[in-house]
Each structure stands twice: as C-alpha cells, then as structure tokens.
Amino acid sequence: MTIEPWFIGAVALSLLGYGVYIVGLSRHLVEPNRASWLIWSAATGVEAATYAAVNPGAPQAWVFILSALCCVLVTAAMWRRSRWRTPTPVEGVCMTAALGSIALWLVFREAFWAHMLVVVAVPVSFWPTWQSVWQDRARERSPAWGLWTLADLSTLLVATRVQGSGIAEYTYILVELLCHASVWLMVGLATINPVRSLAFGRGGLRVLDAYLPGNPFAVRETHLGKAVYAAKRFAEGEQIVRFTGRRVRAARLPRSLRGAADRFLQVTTDQYMGPSGRIDDLINHSCAPNAGLRFTDHGVVLIALRAITPGEEIAWDYSTTLKDSGWQMACQCRQPGCRGTVGDFATLPAERQAWFRERDMVAPYLREEMVRERAA
C-alpha cells in the first residue's frame, strides 16, 4: 500500500504538536485543564480502537493510535503535578459517554455506534478547556493547537483519497478539526489571528521565546504564579527582552482584569501596550528590581540594572510606567523594603523616582509631564 504524503504530514504534525505541548508543560508555559486531558487520555484509546474496527486497514488509524499514546503521556506528566478533584457535571457527562462507548463496543460489538458516541463526546470533552481559555488565554497559549489543527486537516485530506471512507470517518475528523481550530483561534496570542499562535510576527517566523532550545529564560511557578528566571548571565546594562504588543487606548482597556489576566503596560497618558503572548507577559514586579524598562526608538526594552546570574528571577518595577491610571496592586514581592502596594510613579519616594530617572528607566511621557509641571 502506498503511503500518502498527507498521511506522513498528519503524523508528523500531530507528534510535533504533542512534543511542543509537553515542552510547554515541563516549562510551566501552559496550564492544561486536568479534566479535559483525563477524558482525552481515556477517550482517544476508544476512538483509536473503534476507528480501526470501523475502517480496517485505514492508514489514518495510526494517527489516532499515536494521539492516544501521546494523550496518556501528557496526562501522566500533568498528574505528577496535580491533585485529584471531583469532576464537574459536564466532565461527568463526558466521562459517562466515553465509558458508554466502551460498553457498547464490548457488549454489543457495535463499533460504528460506539465510534459515533465518542464523536459526540469530543466537543463535550473540550468544554472545560474552552472555559479555561476563556478565563485566561495564556493557559493554553501554545503552537501545539495550530499544529494539531493542521494535522486534522491533513488527516481529512487522507480520508478523501481513501476509497470507502464513511460518515463515521468524516464526522470524527471534522469534529476534531473544529474543536482544535476553536482553541487555536482563542489562543491566537490575544488576537483574532490564529496564525500568531504559531509565532508568525514582525520579521517572519518567530517561535515563542520560551520554546526555543537553549533560550535564555526559564519559566517556573512561585507564590505569585508564573515567573521568569534567567537561564544565562545578563551583564549590567544588557538588553534582556523587547516588550511587544498592540497599542490599546485607555478608553478601550478592559476594566475587569485581575491577576494574571492583567498584562497591559501603560506607554502614554491614554495608551497601553497589550499582551504579546511572549515571555515579557510573564515578568513580575519587584520593589527591588534587577531590571527596568527603557523606551527607545526601537521599542520598549527591558534592561538589566545590575548583573543577573543564572537562576535569578527577572523583575521590574511596574510603577515606572504608571500615571493617573487608577490602578493599584497589592505587592507580594517579599523583597526588603517592599512598599506593600504598587501604584502610580508619583507614589514612589522622591529619591526612588530620581534613581529611576537617572538610569533612564521611566516612561518618556512621565518625564515630559514632570518637566511641564515644574515649568508651570
């Protein structure tokens, strides 16, 4: 039997997607929904078995078998960092559907209807993940979703070229394609363009910083959630990373943002820089920072205020860009001299304001307004 190029592409894209996702999981870049993955690890095994029974000899059955094995691997890796909790009603319904398909197949040997029942369970199993992404896109911001969508598309093309493909085959592939594509669209780096979740941006292909082999950053969990650590030494005055993101007018800034979802940087009196989906979104505040933001002709750049050693958390002072923002945050940086509250630049002691100005670590619009106020 001749192996279709699209089949090879489907397998390669699917495996690459799982590889990227596991890397993101190991580096704390994604926060997968435990319920969805627990369901998928069980359901994909049924899907692979029933698909092979309905379509004996079909090459795309191997895609489902490999996906089942990878789902189990992801679930096992995630289980080591998680604790069991009682499933929600929706999760319970999906688990029941998956178990029902197994019973239907084993007891009545009705592989077709077992497969169709699993097809119905697929969008239900995605519901917990959709809820999680709706609350915070960063939880699933991984190029893997785009790779899985393309793998599904390749599998669909294989099915159209195989004689005897039935409704069960097309239905499952289409449902899986739509579900993966929906998450891809939602995590398209905070835009409506899902291509950006594969890291296409200014300057061509740019893989997400933290996924790069040998990247200079490590993402770990702290008492504040995700935090960025140096994986290499940064010398004093060295550029660490450029902050990017779309400009958003203050009037259009979401007012319900809290915690990890609040990744907006004030750049002028009435403009903010939105989340980029890159490593800069995860860099935390510190009242005793080792880095600071410098506004240059080439963009907003994070600069090392002193030498930063490998394994040290990278942090900057959020107050150095804020004025009349009406925004405050309880500070838990746990640094000596922690202010307790992060607010506008004017809330800093006068000597601390001067310290940041001397090092050019204050947003330009703040300096300009200070000059005007003094002249008045």
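Above this note sits the structure.
Figured I'd write up the structure that's included with this text. (Residues numbered from 1 in each chain as written. Predicted model: local features only at pLDDT ≥ 70, side-chain atom pairs only at ≥ 80, totals over all residues. Heavy atoms only, no water.)

1. Focus: the overall build of the protein chain
Reasoning step 1: Looking only at helices and strands, the protein chain has nine helices and 14 strands in total.
Reasoning step 2: Residues counted as buried form 49% of the 376 residues belonging to the protein chain. (Helix = DSSP H or I, 4+ residues; strand = E, 2+ residues; numbered from the N terminus. Buried < 20%, exposed > 50% of the residue type's maximum accessible area, 1.4 Å probe, protein only.)

2. A closer look at the packing of helix 1 (residues 5-26) against helix 3 (residues 61-79)
Reasoning step 1: The geometry of helix 1 relative to helix 3 is characterised by a closest axis approach of 10 Å and an angle of 5 degrees between their N-to-C directions. Classified by the angle their axes make, helix 1 and helix 3 are roughly parallel. For the pair helix 1 and helix 3, contact is made by Phe-7, Ala-10, Val-11, Ser-14, Leu-15, Tyr-18, Tyr-21, Ile-22 and Leu-25 and by Trp-62, Val-63, Leu-66, Ser-67, Cys-70, Cys-71, Leu-73, Val-74, Ala-77 and Met-78, respectively.
Reasoning step 2: A class-by-class count of the residues in the contact of helix 1 with helix 3 yields 17 nonpolar, two polar and no charged. (Axes fitted to C-alpha atoms, helices over the stretch in contact; angles between N-to-C directions. Parallel < 35°, antiparallel > 145°, perpendicular 65-115°, else oblique. Contact = heavy atoms within 4.5 Å. Nonpolar A, V, L, I, M, F, W, Y, C, P; charged D, E, K, R; others polar.)

3. Re helix 3
Reasoning step 1: For helix 3, with 19 residues, the first-to-last C-alpha span of 27 Å sits near the 27 Å given by 1.5 Å per residue.
Reasoning step 2: For helix 3, every residue scored as buried is listed here: Ala-61, Val-63, Phe-64, Ser-67, Ala-68, Cys-70, Cys-71, Val-74, Thr-75 and Met-78. (Expected span 1.5 Å × (residues − 1).)

4. Regarding the pairing of strand 3 (residues 217-222)
Reasoning step 1: As defined by bridge partners, strand 3 adjoins strand 4 (residues 225-230) across six bridges and the pair is classed as antiparallel. If you follow Arg-220 over to strand 4, its bridge partner there is Ala-227.
Reasoning step 2: Two successive antiparallel strands, strand 3 and strand 4, enclose a turn made up of two residues. (Pairing = 2+ DSSP bridges.)

5. Here's the deal with the pattern of salt bridges
Reasoning step 1: A full pass over the atoms with the stated rule returns six salt bridges.
Reasoning step 2: In this structure, Arg-294 engages Asp-360 in a salt bridge whose closest nitrogen and oxygen atoms are separated by 3.7 Å. Taken as a pair, Arg-294 in strand 10 (residues 291-296) and Asp-360 in the loop between helix 8 (350-358) and helix 9 (364-375) lie far apart in primary sequence, 66 residues in all.
Reasoning step 3: In this structure, the salt-bridge partner of Glu-312 is Arg-306, at a minimum N-O distance of 2.4 Å.
Reasoning step 4: Given the relative accessible area of 36%, Arg-306 is considered partly exposed. (Salt bridge = Lys/Arg side-chain N within 4 Å of Asp/Glu carboxyl O.)

6. Things to note about the sheet that holds strand 7 (residues 265-266)
Reasoning step 1: Ordered in space as 6-8-7, the three strands form an open sheet in which the pairing is antiparallel. The open sheet has two edge strands with one neighbour each: strand 6 (247-249) and strand 7.
Reasoning step 2: In this sheet, strand 8 (residues 271-273) lies alongside strand 6 in antiparallel orientation, the contact comprising three bridges. In the sheet register, Val-248 faces strand 8, and the bridge partner there is Tyr-272.

7. Here we look at a nonpolar patch on the surface
Reasoning step 1: Among the surface-exposed residues, Trp-6, Leu-150, Leu-153 and Leu-157 lie close enough to one another that they form a single nonpolar patch of about 320 Å² accessible area.
Reasoning step 2: Take the nonpolar patch: its biggest share by element is three residues, from helix 6 (residues 144-160). (Patch = residues over 30% accessible without salt bridge, like charges linked within 9 Å, V, L, I, M, F, W, Y side chains within 5 Å. Areas by Shrake-Rupley, 256 points an atom, 1.4 Å probe, with all protein chains shown as cover.)

8. A few points about the sheet that holds strand 5 (residues 239-243)
Reasoning step 1: The sheet built from three strands is open, its strands ordered 5-11-10 with antiparallel pairing. On the outer flanks of this sheet lie strand 5 and strand 10, each paired with one strand and no other. The average undirected angle you get between the axes of adjacent strands in this sheet is 30 degrees.
Reasoning step 2: Where strand 10 meets strand 11 (residues 299-304), six bridges bridge the pair, whose relative direction is antiparallel. Paired with Phe-295 across the bridge in strand 11 is Val-300.

9. Some thoughts on the nonpolar core
Side chains of a nonpolar character, in soluble globular proteins, are inclined to be buried together.
Reasoning step 1: One finds Ile-240, Phe-243, Leu-302 and Ile-314 to be the most contacted residues of the largest nonpolar core, which totals 40 residues.
Reasoning step 2: At the level of elements, strand 3, strand 4, strand 5, strand 10, strand 11 and helix 9 are the ones that each hand at least two residues to this core.
Reasoning step 3: Broken down by element, the residue count for this core peaks at five residues, all from strand 11.
Reasoning step 4: In contact with Leu-302, not counting residues within four places along its chain, are Glu-238, Gln-239, Ile-240, Val-241, Phe-243, Ile-283, Ala-291, Gly-292, Leu-293, Ile-314 and Trp-316.
Reasoning step 5: Residues Tyr-18, Met-78, Ile-173 and Val-183 belong to the second largest nonpolar core, which totals 29 residues. (Core = buried A, V, L, I, M, F, W, Y, C linked by side-chain atoms within 4.5 Å.)

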